[in-house]
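What follows is the residue order along each chain.
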Amino acid sequence: MLEDKLKELTTRDIYPFHMPGHKRNPAFAFAPSPVALDVTETPDTDDLHHPTGVLAETMALAAGLAGSRQAWLTVGGSTAGLLAGIAACTHRGDTVLVARNCHRSVAHALALCGVRPVWLVPEWNAALGVYGRLSVETVTATLREHPDAKLLILTSPTYEGVVSDIAAMADAVHAVGATLLVDEAHGAHFGFSPLFPRSAVTLGADVVVQSLHKTLPSPTQTGVVHRCSDRVDAEQLAYQLAVYQTSSPSYLLLCGADRCLRLLTARRETLFAAYERRLTAFRERVKPWLCPIDGDAGKLLIPCENGDALSARLRQEFRIETEMSGQHHVLAMTSVADTDEGFDRLANALERLRPTASAKALPPPPPPPQAMWPCEAADKPYERVSLTEAIGRVAAREVYAYPPGIPLLLAGETLTDALAAHLLALQAEGVELHGLTDNKIAVVT
Ligand SMILES: Cc1ncc(COP(=O)(O)O)c(C=O)c1O
């Protein structure tokens, strides 16, 4: 039973260097009894989709903290925010520029909205096997080729914490009359301390989507969509949020998000000063085993020979659960809710294990050609065939590794020899690919 599993977890002394950002730290708890707070829309509790009372206040706090014109809470995380934000900024048939390291929810939005994606490939970090920043040169060159583009969608920070030059992107995009939507799912804490980059909200983006639960002390599924300019219609954004979200939002989640935003409004400086002190001391102590900061100092990237082996040792020998393990790195996530004891435990572990970076470079996924728009392919009948049989065929669903959920092959793209070999090599390295059933991929018939 799930409840037993969850309760058992509370009795085991495993330190969470992963989401959600409250780190199950009782100092950030909010519900004496979940049942007592699980209500519905009443005159006292307001309405997520038509906020005029206490939830309107919460959303005003979210906008005030980030510096946006208007903010909406989501109970479907950034996923709901991205679906709604992209729907609000596009019309069917529009050309949309999209960074290739987008989250799969962006890929779903492209198919649902019937738009034509033009892919922009960010820099590649071959040592870690992850995408880096998207260069402004790539954006300006692509805009020259596609002056009709209506929207640029990019991920900043990335799952690993790398940020792109949002201000320059915003200038480039606005110069041709397009809008900029930034997936800032991992950057809800940006701007709250000089240790962290500024939020895209204050750097010229038009829509910014954040997950509160990833890096702030707020329950899983809570997010915020910020409208930062008049290029985006407020009514359309609110409408699309109602389309993509439940009509029965959980008041437990809303209460947790409200608590988080009120806490930050009242005690942001103190909380972030303490976090900054702990994080800086930790980074200094274990510097030889961490990648240098490349954007978000809160993301701890530990290079190693084998991510799964290192995360297993951290779990088994040191009772530390990390956020994810890649082929050549382990990612640990931190937040204001981390304790001195937690940082000390991870520092002790790294000092004992002394992981060493792999010398082997990891190749980027070879970009597949686009044969159809995602909406066309997602609509067609499909069959499932093995990866080798699928070479030369058009994918009907995306294939991705989770985490981080970045699609390697999207609906409408043709599986090439090179990409099939890349996917098989990932599987041989123990990377779990999603989007396959019985190890077969969905291709258009
Ligand atoms: C870059 C990025 N964007 C969006 C999302 C979706 O966020 P959520 O889980 O809050 O729906 C994720 C989730 O991991 C992500 O990594």
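Before any of the text, the structure's been laid out above.
In what follows, the accompanying structure is described. (Residues numbered from 1 in each chain as written. Predicted model: local features only at pLDDT ≥ 70, side-chain atom pairs only at ≥ 80, totals over all residues. Heavy atoms only, no water.)

**A few points about the site of the ligand**
Turning to step 1, where the next piece is worked out: The environment of the ligand is formed by 13 residues, the closest being Thr79, Asp183, Ser211, His213 and Lys214.
Turning to step 2, where the next piece is worked out: In this structure, Ser78 approaches the ligand through a main-chain N or O atom, which is 2.9 Å from an oxygen atom.
Turning to step 3, where the next piece is worked out: When the free accessible area of the ligand is taken as 390 Å², the share hidden by the protein chains comes to 89%.
Turning to step 4, where the next piece is worked out: Secondary-structure elements contributing two or more residues to the shell around the ligand are α4 (77–89) and α8 (212–215).
Turning to step 5, where the next piece is worked out: In terms of residue count, the dominant contributor to the shell around the ligand is α4 (four residues).
Turning to step 6, where the next piece is worked out: Its residues placed into classes, the shell around the ligand shows two nonpolar, nine polar and two charged. (Near = heavy atom within 4 Å. Polar contact = N/O pair within 3.5 Å; in protein donor to acceptor, adjacent residues only side chain to side chain. Areas by Shrake-Rupley, 256 points an atom, 1.4 Å probe, with all protein chains shown as cover. Helix = DSSP H or I, 4+ residues; strand = E, 2+ residues; numbered from the N terminus. Nonpolar A, V, L, I, M, F, W, Y, C, P; charged D, E, K, R; others polar.)

**A look at the pattern of salt bridges**
Turning to step 1, where the next piece is worked out: Under the definition given, this model contains 24 salt bridges.
Turning to step 2, where the next piece is worked out: A salt bridge links Asp13 to Arg345; the nearest nitrogen and oxygen atoms lie 2.8 Å apart. Placement of Asp13 in the loop between α1 (2–11) and β1 (15–17) and of Arg345 in helix α12 (residues 340–353) is noted, with a sequence separation of 332 residues between them.
Turning to step 3, where the next piece is worked out: Residue classification places Arg345 among the buried positions, given a relative accessible area of 10%.
Turning to step 4, where the next piece is worked out: Here Asp230 and Arg69 are joined by a salt bridge, their closest N and O atoms 2.9 Å apart. Of this pair, Asp230 sits in the loop between β10 (223–227) and α9 (234–244) while Arg69 sits in the loop between α3 (54–66) and β2 (70–74), placing them 161 residues apart in sequence.
Turning to step 5, where the next piece is worked out: By sharing partners, the salt bridges in this structure join Asp13, Arg319, Glu341 and Arg345 into a single network. (Salt bridge = Lys/Arg side-chain N within 4 Å of Asp/Glu carboxyl O. Buried < 20%, exposed > 50% of the residue type's maximum accessible area, 1.4 Å probe, protein only.)

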